[in-house]
Amino acid sequence: EAACRPRWAWVLGPVADRLVGFFALATGLTILVPVPGLYVPSALGLVAMALGRLRRDGLVFAVGLSLSLLGLAFAVTVAAGIAALAWAALAAWLR
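Worth saying up front: this structure is predicted, and the values here are computed from it rather than measured.

(A) The arrangement of the overall build of the chain in detail. Secondary structure summary: the chain contains three helices and zero strands in total. When the helices and strands of the chain are read in sequence order from the N terminus, they spell out α-α-α. Rg of the C-alpha trace for the chain: 17 Å, well past the compact-globule value of 12 Å for 95 residues, more than 25% over. Taken along its principal axes, the extent of the C-alpha atoms in the chain is 60 × 25 × 15 Å. Taken across its 95 residues, the chain has 26% of its residues classed as buried. Partitioning the intrachain contacts of the chain with sequence separation of at least 6 by distance along the chain shows that 71% fall at a separation of at least 24.

Criteria and cut-off values
- Residues numbered from 1 in each chain as written.
- Predicted model: local features only at pLDDT ≥ 70, side-chain atom pairs only at ≥ 80, totals over all residues.
- Heavy atoms only, no water.
- Helix = DSSP H or I, 4+ residues; strand = E, 2+ residues; numbered from the N terminus.
- Rg over C-alpha atoms; globule rule 2.2 N^0.38 Å.
- Buried < 20%, exposed > 50% of the residue type's maximum accessible area, 1.4 Å probe, protein only.
- Contact = heavy atoms within 4.5 Å.

Here it is in structure tokens:
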């Protein structure tokens, strides 16, 4: 919080509010996957986006957006891996 100062104001337009809302929803959905620690990167990104939005710091907002995107990509990858393993186990069991 101490490093936040108003900069990169062009990032914090009306679209920023919608992005925070979308990533809050997506982070909430990743909590539903029962894998410990899966949602931590996207939740930290959400916190950074909210902090950047409150402090009018576009750089912190952009870093939070990047972290949230990486966290959501990680969550989707892990969920797809779990689904593939479950599908393979089911196929092996049905043989």
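Back to the write-up after that little detour.
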